[in-house]
Amino acid sequence: MDSQTAVPNNQTAPDASTAGKLKPNSLGVLGILFFVLSAQAPLTGVAGAVPIAVAIGNGAGAPAAYLAAGLIILLFSVGFVAMGRHVVDAGAFYRYIGKGLGRDLGNGSAGIALFAYCAIQAAMYGLYGATVNGLLAHHAGIDVPWWVCALVTMVIVQVLGALGIEMGAKVLAVFVLAEFSILSVFALVTLAKGGGPEGLGFTDTFSLGAALDGAPGVALMFAVASMIGFEATAIYGEEAREPRKTVPRATYAAVALVTGFFAFASWMLISSYGASKAAGAAGQALESGDSTAFVFAPIAAQFGTWVNDVLPILLATSLFAGILAFHNSANRYLFSLSREGLLPRKLSEVNRRHSPGAAGFVQTSIAALLVIPFALAGKDPVLTLFSWGSGIAVLAIMLLYFLTSVSVVAFFRRERVDTRMWNTAIAPVLGALGIAGAIWLIVENFTTLIGGDRTTALWLQAAVPAVLVLGVVAGRLTRSARRL
């Protein structure tokens with residue numbers, strides 16, 4: 001058996017009749033890239049994060065924060081890609097961490113990864129439900145509860161996930177291209193016109209003074225949060241064509257494209273207002289309760305008021321694409337953990353299209369269990385479900401990034417299968433330091449990130465290490481049960 005798919009010591013391999021294999025050679029670079037970009041929901045990231053980063057972060061210098069975040073993620077990606085050449089598994093994070101730092105931390109990180117992906121998906125359901133509720137009220141004059149919109153969409157996502165990875169990639173390609181296109185065209189037109197009332201304002205945005213103005217840590221935190229999801233490239237390694245070539249290309253392409261997109265789009269948005277007025281305009285949008293107005297208004301001014309009808313629809317499809325992408329990520333974690341013997345073997349079954357059907361059903365059930373309590377309690381889906389779920393997912397994923405970077409160094413120092421110092425030591429260490437700094441900023445500003453109170457922030461933060469410990473304990477109990 002190949003070492004990359006070997007069952008860990010003291011664990012019994014799943015029975016051949018129940019353990020399936022994901023469909024190989026299903027995805028190329030573009031297919032993986034669409035899944036990654038969908039998980040990052042570009043329009044949602046721009047409309048949701050940029051106004052806050054500008055208003056309470058470093059103002060006109062916010063685009064520089066996206067470049068800094070992109071550099072940190074790029075450094076992380078070097079070691080991440082190097083590890084991916086030697087470990088190809090749908091469980092990505094926990095397999096990487098387990099290889100370098102031991103089985104216990106690997107099992108704990110599996111719990112965190114599942115927790116993070118299910119939390120961010122549930123968060124998206126909250127914002128998606130509220131968005132679709134508004135669209136139906138505006139265009140059809142009917143009031144459908146947000147949770148009904150979310151539950152109906154769960155059924156659609158379940159069906160698309162079961163139909164196979166190629167079908168999901170095609171659906172996501174349409175949605176991603178639509179949201180990228182309108183933002184990119186707006187940015188390019190603004191650039192071609194020489195910017196807004198104060199010109200392009202390059203130095204007002206990208207100079208060192210502008211980057212460090214105000215609260216750059218807050219801007220960096222939201223910039224990092226906007227880029228969560230690129231790591232999904234490794235999750236699809238088993239289904240990729242030539243994964244040792246496809247996954248690295250898709251990873252670097254995703255980091256470069258997302259960094260450039262967010263930095264450029266946010267720069268042109270600021271330029272459209274004028275560097276001296278952008279922070280004030282973003283602040284007014286936040287105070288009005290509709291932060292998207294900071295983004296939608298200049299696009300409508302550029303192309304016409306019809307945009308005000310189209311952009312909310314694109315926001316809904318952006319969220320749908322992200323929901324589907326995280327559904328696929330989470331069910332592959334469940335599938336991989338089952339195949340390892342850490343979850344019931346039933347979850348490692350695949351359907352006729354070689355998709356993790358049973359795992360997909362469980363993931364959809366988890367999503368429903370996370371959403372329904374907020375509906376029953378009558379909570380605002382944006383102020384609670386979306387804000388809390390997003391915040392806790394960002395913190396959890398960043399912890400996984402940090403553990404993975406440390407694991408990469410430990411693995412290559414021990415195995416010596418790759419002796420390139422930059423790829424296996426220098427870049428991962430620099431990435432780990434940058435990620436550690438980002439984690440500190442997230443913890444320090446967590447109340448701002450979730451838009452809640454200090455007590456709620458503390459409980460949500462505590463949930464992340466608690467899940468790590470539970471994952472370690474569960475893994476040990478499973479191994480002990482197998483020895484009996």
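Residues numbered from 1 in each chain as written. Predicted model: local features only at pLDDT ≥ 70, side-chain atom pairs only at ≥ 80, totals over all residues. Heavy atoms only, no water.

Short version of the rule: UniProt positions are given in the numbering used here, feature names are shortened, and annotations may be inferred rather than shown by experiment.
Identification of the protein as APC family permease from Streptomyces lanatus is taken from an unreviewed UniProt entry. Within the UniProt record for the protein, the comment given under Subcellular location (unreviewed entry) is "Membrane".

1. Overview of the confidence of the model for the protein
Using the following cut-off: Confidence scores labelled pLDDT are given residue by residue by the predictor and lie between 0 and 100. Counting from the N terminus, the helices are the DSSP runs of H or I reaching at least four residues and the strands are the DSSP runs of E reaching at least two. Note on definitions: a residue-residue contact is assigned when non-hydrogen atoms from the two residues lie within 4.5 Å.
For the protein, per-residue confidence averages 83 on the pLDDT scale, and 87% of positions sit at 70 or higher. Per-element confidence in the protein is highest for helix H8 (residues 202-206), whose mean pLDDT is 92, and lowest for helix H11 (residues 232-235), whose mean pLDDT is 67. Throughout residues 1-19 the model reports pLDDT below 50, and contacts reaching past four residues in sequence, or to other chains, amount to 42 contacts.

2. Regarding the packing of aromatic side chains
Short version of the rule: Aromatic rings from Phe, Tyr and Trp, taking only the six-membered ring of Trp, are treated as a pair when their centres fall within 6.5 Å; an angle between ring planes under 30 degrees marks them as stacked, one over 60 as edge-to-face, and anything in between as tilted. Any residue under 20% of the maximum accessible area for its type is buried, any over 50% is exposed, and the rest in between are partly exposed; the area is computed with a 1.4 Å probe on protein chains only.
A full pass over the atoms with the stated rule returns 15 aromatic pairs. Here Phe264 and Trp267 contribute two aromatic rings whose centre-to-centre distance is 6.3 Å and whose plane-to-plane angle is 65°, an arrangement assigned as edge-to-face. Note that Phe264 and Trp267 are positioned in helix H12 (residues 243-273) at a spacing of 3 residues, about one turn of the helix. Relative accessible area serves as the criterion here: at 11%, Trp267 is assigned to the buried category. Geometrically, the ring pair formed by Tyr273 and Phe294 is stacked, given 4.7 Å between the ring centres and 5° between the ring planes. Taken as a pair, Tyr273 in helix H12 and Phe294 in helix H14 (residues 293-303) lie far apart in primary sequence, 21 residues in all. A single burial state applies to Tyr273 and to Phe294, both of which are buried. Here the aromatic residues Tyr66, Phe180, Phe261 and Phe262 are joined through ring pairs into a cluster of three or more.

3. Side note on the side chain of Ser390
In this structure, Ser390 sits in helix H17 (residues 381-415). The class for Ser390 is buried, based on a relative accessible area of 16%. When sequence neighbours within four positions are dropped, the list of residues in contact with Ser390 reads Ile120 and Ala123.

4. Things to note about the pattern of salt bridges
Stated formally: Only one rule defines a salt bridge in this text: a Lys or Arg side-chain nitrogen within 4 Å of an Asp or Glu carboxyl oxygen.
All chains considered together, the criterion is met by 4 salt bridges. In this structure, Arg476 engages Asp104 in a salt bridge whose closest nitrogen and oxygen atoms are separated by 2.8 Å. A residue pair is termed long-range when its members are at least 10 positions apart, and Arg476 in helix H20 (residues 454-483) and Asp104 in helix H5 (residues 103-139) qualify at 372 residues. A relative accessible area of 47% places Arg476 in the partly exposed class.

5. A look at the environment of Asn331
Cut-off, in case you're wondering: Contacts described as polar in this section are N or O atom pairs within 3.5 Å, which, within protein, must combine one atom able to donate a hydrogen with one able to accept it, while residues neighboring in sequence count only if both atoms come from side chains.
Summarising the element assignment, Asn331 is placed in helix H15 (residues 307-339). The class of Asn331 is buried, set by a relative accessible area of 2%. Taking C-alpha positions, Asn331 is 5.0 Å from Gly360, a pair spaced 29 residues apart along the chain. Beyond its immediate stretch of four places on either side in the chain, Asn331 contacts Pro356, Ala359, Gly360 and Gln363. Side chain to side chain, Asn331 and Arg332 meet in a polar contact 2.8 Å long.

6. Topic: the environment of Ile435
Inspection of the secondary structure puts Ile435 in helix H18 (residues 421-444). Owing to a relative accessible area of 0%, Ile435 belongs among the buried residues under this scheme. In sequence terms Ile435 and Ile73 are 362 residues apart; their C-alpha atoms lie 8.1 Å from each other. For Ile435, the contacting residues outside a window of four places in its chain are Ile72, Phe76, Met398, Tyr401, Phe402 and Ser405.

7. What to know about the nonpolar core
Just so we agree on the cut-off: The criterion is simple. A nonpolar core is a set of buried Ala, Val, Leu, Ile, Met, Phe, Trp, Tyr and Cys residues joined through side-chain atoms within 4.5 Å.
The biggest cluster of nonpolar side chains holds 138 residues, and the ones touching the most others in it are Phe294, Met398 and Tyr401. When residues in this core are grouped by element, the largest group, 16 residues, is from H5. Excluding residues within four positions of it along the chain, Phe294 makes contact with Val50, Pro51, Val54, Leu269, Tyr273, Ala278, Ala281, Ala282 and Ala285.

8. A look at the side chain of Thr259
Summarising the element assignment, Thr259 is placed in helix H12. Side-chain polar atoms of Thr259 contact the backbone oxygen of Val255, separated by 2.7 Å.

9. Some points on the packing of helix H3 (residues 62-84) against H18
The cut-off we apply is this: Here an angle of 0 to 180 degrees is reported between the N-to-C directions of two axes, which are lines fitted to C-alpha atoms, with helices fitted over the stretch in contact. In what follows, roughly perpendicular refers to angles from 65 to 115 degrees, roughly parallel to angles under 35, roughly antiparallel to angles over 145, and oblique to any angle outside these ranges. Crossing handedness is defined as follows: a turn of the near helix away from the far one that is anticlockwise and smaller than a right angle gives a left-handed crossing, while the clockwise case is right-handed. The nonpolar class holds Ala, Val, Leu, Ile, Met, Phe, Trp, Tyr, Cys and Pro. Asp, Glu, Lys and Arg form the charged class, and all remaining residues, Gly among them, are polar.
Taken N-terminus to C-terminus, the directions of H3 and H18 make an angle of 140°; their axes are 7 Å apart at the nearest point. Classified by the angle their axes make, H3 and H18 are oblique. In the packing of H3 onto H18, the handedness of the crossing is left-handed. Of H18, the residues touching H3 (which contributes Ile72, Leu75, Phe76, Val78, Gly79 and Ala82) are Trp422, Asn423, Ala427, Pro428, Leu430, Gly431, Gly434 and Ile435. Classifying every residue of the contact of H3 with H18 gives 10 nonpolar, 4 polar and no charged.

10. Here we look at empty space enclosed by the protein
Basically, it comes down to this: Whether a set of points on the 1 Å grid over the protein atoms alone is a cavity depends on a 1.4 Å probe fitting there but being unable to get out, while an open set qualifies as a pocket with protein on both sides within 12 Å along at least five of seven lines; lining residues are those with an atom within 4 Å of a point. Grid points are joined across faces, edges and corners, and a volume is the space filled by probe spheres set on the points.
Across all of its chains, the model carries 2 cavities of 30 Å³ or more by this definition. Each pocket or cavity is described by its volume, and for the second largest cavity that value is around 40 Å³. Forming the boundary of the second largest cavity are Gln158, Gly161, Ala162, His327, Asn331, Ser355, Pro356, Gly357 and Gly360. When contributions to the lining of the second largest cavity are tallied by element, the ones reaching two or more residues are helix H6 (146-163), H15 and helix H16 (357-376). Broken down by element, the residue count for the lining of the second largest cavity peaks at 3 residues, all from H6. Grouping the constituent residues of the lining of the second largest cavity by class yields 2 nonpolar, 7 polar and no charged.

11. A look at unusual backbone geometry
Despite not being glycine, Arg416 shows a phi value in the positive range, around 55°. You can see Arg416 is positioned in the loop between H17 and H18. By relative accessible area, Arg416 is classed as partly exposed at 46%.

12. Focus: helix H2 (residues 42-58)
Convention followed: The span you would expect from a helix comes to 1.5 Å times its residue count less one. Bend angle per residue: angle between axes fitted to the 7 residues ending at that residue and the 7 residues starting there.
Over its 17 residues, H2 extends only 21 Å from the first C-alpha to the last, a length that falls short of the 24 Å expected when each residue adds 1.5 Å. The largest bend along H2 measures about 30° and falls at Ala49, with the proline Pro51 one to four residues further on. For H2, the buried fraction is high: 14 of the 17 residues fall into the buried class. Looking one or two residues beyond H2, the residue adopting positive phi is Gly59, at roughly 60°.

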